[in-house]
Amino acid sequence: MVAASILNSPHLKNVRLDLRSLHPQVITWRRQIHQYPELGFEETLTAQFIAEKLESWGIDYQANIAKTGIVATIQGDRQRDRPGKVLAIRADMDALPIQEQNDLDYRSQHPGKMHACGHDGHVAIALGTACYLASHRHTFNGTVKIIFQPAEEGPGGAKPMIEAGVLQNPQVDAIIGLHLWQQLPLGTVGVRSGPLMAAVETFRCTVLGRGGHGAIPQQTVDSIVVATQIVNALQTIVARNIDPIDSAVVTVGEFHAGTACNVIADTARLSGTIRYFNPKYADYFHPRLEQLIAGVCGMHGATYDLSYEKFYPPVINDETIADLVRQIAQTVVTETSLPNNLVTPHCQTMGGEDMSYFLQEVPGCYFFLGSANADRGLTFAHHHPQFNIDETALALGMEIFIQCVEKILTGV
Ligand SMILES: [Zn+2]
Ligand SMILES: [Zn+2]
């Protein structure tokens, strides 16, 4: 059903024939993975599926890295006498705790779990790339490592994979990766050097006041009054402390206090998230937040409990590699008949990604591959129960990855 239409799709004019022929299979793999979504560090069926495919193509791999991660190694033999460089391609594998609401024949068979971020597509693109490279080893020199990473949605599989040594033996020189992206239409690729995605930090704060009768405030320390002033004070961090040239967000997402209209609340609980691009703020927000909370509490005779957690650092792309990916993406999308065939640098987001840990270790580029298609109703955002992608993007992703392999490893 998919085969003929995809093979002859005018949208894929700049995708080589071998990949267009592989595309229907890649779609089948994506749908198979989509049917059996697994949460972070539980991706055993997905890992098994990947391992079986790699084995059938004679590709060396190591499994069970950081629980369910897999690293495949494909050696090129264009110039046997030269060891060549090592390029890594990263694909995340995990799904989300969401009940799918799509009416598809390949919808999720695991209740309460869904590939609602497109990681099923990432695995399929990476497998397609591996399959192609294994049968075209003569086209590149050096080594390609394909990293299938668990638990991107949390608690994070990139860091434990790096700690397990996936960037060594052989040492990775550069890394690339992509995210299928519903904020961009099919045919558009988002590539930029420097910061692409934000650092993610979170906090929880309990304001400890002294409760009492709603009509006798003079005997209490009203935790709600104190906590509301904290919420306001926190707004000054972005407005008054951060360089206006830099972007940052402080969001208080939870505020819980009180039990009755005539009772002054003993405690109030707040939680929130902090996002920023510039790594110079890595040690800034926690102490500044605490200073403001302590100041406001001190002013009113309240105390507080604060817990602060740093999740992912910002995703920062290398200029040279991002330039190369931009040129490649431009070639791939130009001359497609898609109405939005362009490469845009306007794709920064305050969302977070643990691809950042890889990019802290080696230079590379993470980019966004447009997958929305309004004509087909494929416009639901990531993490929505009706999220779905235009699978034409899978072929574009493979072509970009393979050209990166050919150009980065062959030094073209
Ligand atoms: Zn996600
Ligand atoms: Zn994602």
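Refer to the structure printed above.
Residues numbered from 1 in each chain as written. Chains lettered and ligands numbered in written order. Predicted model: local features only at pLDDT ≥ 70, side-chain atom pairs only at ≥ 80, totals over all residues.

**Q** Teacher, can you tell me more about the pairing of strand β16 (residues 364-372) here?
**A** Look at any regular strand and the pattern is simple: side chains alternate between the two faces of the sheet. Of all nine residues in β16, nine are buried; the element is thus mostly enclosed. Side chains of β16 alternate between two faces, with Gly-364, Tyr-366, Phe-368, Gly-370 and Ala-372 and Cys-365, Phe-367, Leu-369 and Ser-371 buried alike. As paired strands, strand β6 (residues 188-190) and β16 are joined by two bridges and run antiparallel to one another. Directly across from Gly-190, in β16, lies its bridge partner Phe-368. (Buried ≥ 20, exposed ≤ 12 C-beta atoms within 10 Å, placed from the backbone. Helix = DSSP H or I, 4+ residues; strand = E, 2+ residues; numbered from the N terminus. Pairing = 2+ DSSP bridges.)

**Q** Sorry, what's going on with the environment of Glu-399 here?
**A** As for its position among the elements, Glu-399 is in helix α10 (residues 392-410). Here Glu-399 falls in the buried class, since 26 other C-beta atoms lie within 10 Å of it. For Glu-399 and Leu-12, which are 387 residues apart along the polypeptide, the C-alpha to C-alpha distance reads 9.7 Å. Not counting residues up to four positions away in its chain, the partners in contact with Glu-399 are Asn-14, Val-15, Arg-16, Leu-19 and Val-332. (Contact = placed C-beta atoms within 7 Å.)

**Q** Looking at this structure, I do not really get the sheet that holds strand β13 (residues 303-310). What am I missing?
**A** In a beta sheet, neighbouring strands pair by backbone hydrogen bonds and run either parallel or antiparallel. With respect to topology, four strands assemble into an open sheet ordered β10-β12-β8-β13, the strand pairing being antiparallel. Of all the strands in the sheet, just β10 (248-257) and β13 have a single pairing partner and so form its edges. Within this sheet the neighbouring strands show an average axis-to-axis angle of 15°, counted without direction. The sheet contacts of helix α6 (residues 223-241) involve β8 (199-208), β10 and β12 (267-276), and relative to β10 the element is tilted by about 170°. The strands touched by helix α7 (residues 285-300) are β8, β12 and β13; relative to β13, the strand with the most contacts, the crossing angle is about 170°. (Axes fitted to C-alpha atoms, helices over the stretch in contact; angles between N-to-C directions.)

**Q** Even after reading the chapter, I still don't get unusual backbone geometry, so can you show me in this structure?
**A** Peptide bonds are trans in most cases, and residues, glycine excluded, mostly fall at negative phi. Note the cis peptide between Gly-154 and Pro-155, where omega equals 0°. Residue position: Pro-155 is located in the loop between β4 (143-149) and α5 (158-163). With an omega of -5°, the peptide bond between Asn-169 and Pro-170 qualifies as cis. In this fold, Pro-170 is placed in the loop between α5 and β5 (174-185). Although it is not a glycine, Asn-64 adopts a positive phi angle of roughly 60°. Position of Asn-64 among the secondary structure elements: in strand β1 (residues 60-65). A positive phi angle is found at Ala-66, which is not glycine, with a value near 50°. Within the secondary structure, Ala-66 is located in the loop between β1 and β2 (69-75).

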